[in-house]
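# Fold and contact review
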Amino acid sequence: MHTSPVIPVMVINNLEHAAPLANALVEGGLKVLEITLRTPVALDAIKQIKAEVPNAIVGAGTIINVDTLNQAIDAGSEFLVSPGVTDSLIDAALASGTPILPGVATPGEVMKLMEKGINAMKFFPAEAAGGVPMLKSIGGPLPQVTFCPTGGVSPSNAEQYLALKNVACVGGSWMAPANLVDAENWDEIKQRAEQAASLKA
Ligand code: 3PG
């Protein structure tokens, strides 16, 4: 969470796009990459990026149960991101030793994870769940928790999130939207990554 201010959330439909997309993001300054397990090629994309883009720190997103957690770890994921939490998922993640950024949207969910010793979480879906004011409010009684807000974060609001004491980084897809990836516009993606990497964490 402290390596770069923005974690790109990547949806890869075409395996041939995996390495050039990852390269564009890493060259732009974003080393920590979340590949969502939402497409049939996602696990192969993780393997390929790990093999071909040595400077990337490759994680898997959309971890929704123990099966997807195991698949992601088997593919070589260095970290895991989930949209929400269940006891079985969190217990399996802690037992695996692979770091997880678990998704929460309410103080109760935050407290349940604190009971399991987790103090770093994804706030999801950030904008829909109350955005900056919600995170500020959670920071009152629960200041020891650090968040990565994701979902509806964009260049127009990222700095407001990053200015919060309890935000270490944000996640988002705006650096690599489907239209730019489909067009193989790696230059534009690299430029967007550079802008994102220059945001103040
Ligand atoms: C997602 O659900 O795809 C991620 O949270 C990214 O959300 P975004 O597309 O709003 O950045």
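Everything here concerns the structure above.
Residues numbered from 1 in each chain as written. Predicted model: local features only at pLDDT ≥ 70, side-chain atom pairs only at ≥ 80, totals over all residues. Heavy atoms only, no water.

### Structural notes on the sheet that holds strand 4 (residues 79-81)
Here six strands make up an open sheet; going across it, the order is 5-4-3-2-1-9 and the pairing parallel. Edge positions in the open sheet fall to strand 5 (100-101) and strand 9 (170-172), since each of these has one partner strand only. Sheet topology note: the strand 2 (residues 32-36)/strand 3 (residues 57-61) ladder contains five bridges and is parallel. Within the sheet, the bridge partner assigned to Glu-34 lies in strand 3 and is Gly-59. Sitting on the sheet, helix 2 (residues 42-52) is in contact with strand 1 (6-10), strand 2 and strand 3, with an inclination near 155° to strand 2. (Pairing = 2+ DSSP bridges. Helix = DSSP H or I, 4+ residues; strand = E, 2+ residues; numbered from the N terminus. Contact = heavy atoms within 4.5 Å. Axes fitted to C-alpha atoms, helices over the stretch in contact; angles between N-to-C directions.)

### With respect to the sheet that holds strand 8 (residues 146-149)
One open sheet accounts for three strands, arranged 6-7-8; its pairing is parallel. Whereas interior strands pair on both sides, the edge strands pair on one side only; in this sheet they are strand 6 (103-104) and strand 8. In the sheet, strand 7 (residues 120-123) pairs with strand 8 via four bridges, with the strands oriented parallel. Residue pairing for strand 8: Lys-122 is matched across the bridge by Cys-148. This element, helix 6 (residues 131-139), spans strand 7 and strand 8 of the sheet and lies at about 150° to strand 7.

### Focus: the site of the ligand
Around the ligand, the structure places Val-9, Arg-38, Phe-124, Thr-150, Gly-151, Gly-152, Gly-172 and Ser-173. At a separation of 2.7 Å, an oxygen atom of the ligand approaches a polar backbone atom of Gly-152. Here Ser-173 contributes a side-chain N or O atom positioned 2.5 Å from an oxygen atom of the ligand. Compared with its free state, where it exposes 310 Å², the ligand has 75% of that area covered by protein. Most atoms of the ligand, that is more than half of them, are within 2 Å of grid points of the second largest pocket. (Near = heavy atom within 4 Å. Polar contact = N/O pair within 3.5 Å; in protein donor to acceptor, adjacent residues only side chain to side chain. Areas by Shrake-Rupley, 256 points an atom, 1.4 Å probe, with all protein chains shown as cover. 1 Å grid on protein atoms, 1.4 Å probe; cavity = no way out; pocket = protein on both sides within 12 Å on 5 of 7 lines; lining within 4 Å. Sits in = over half its atoms within 2 Å of the grid points.)

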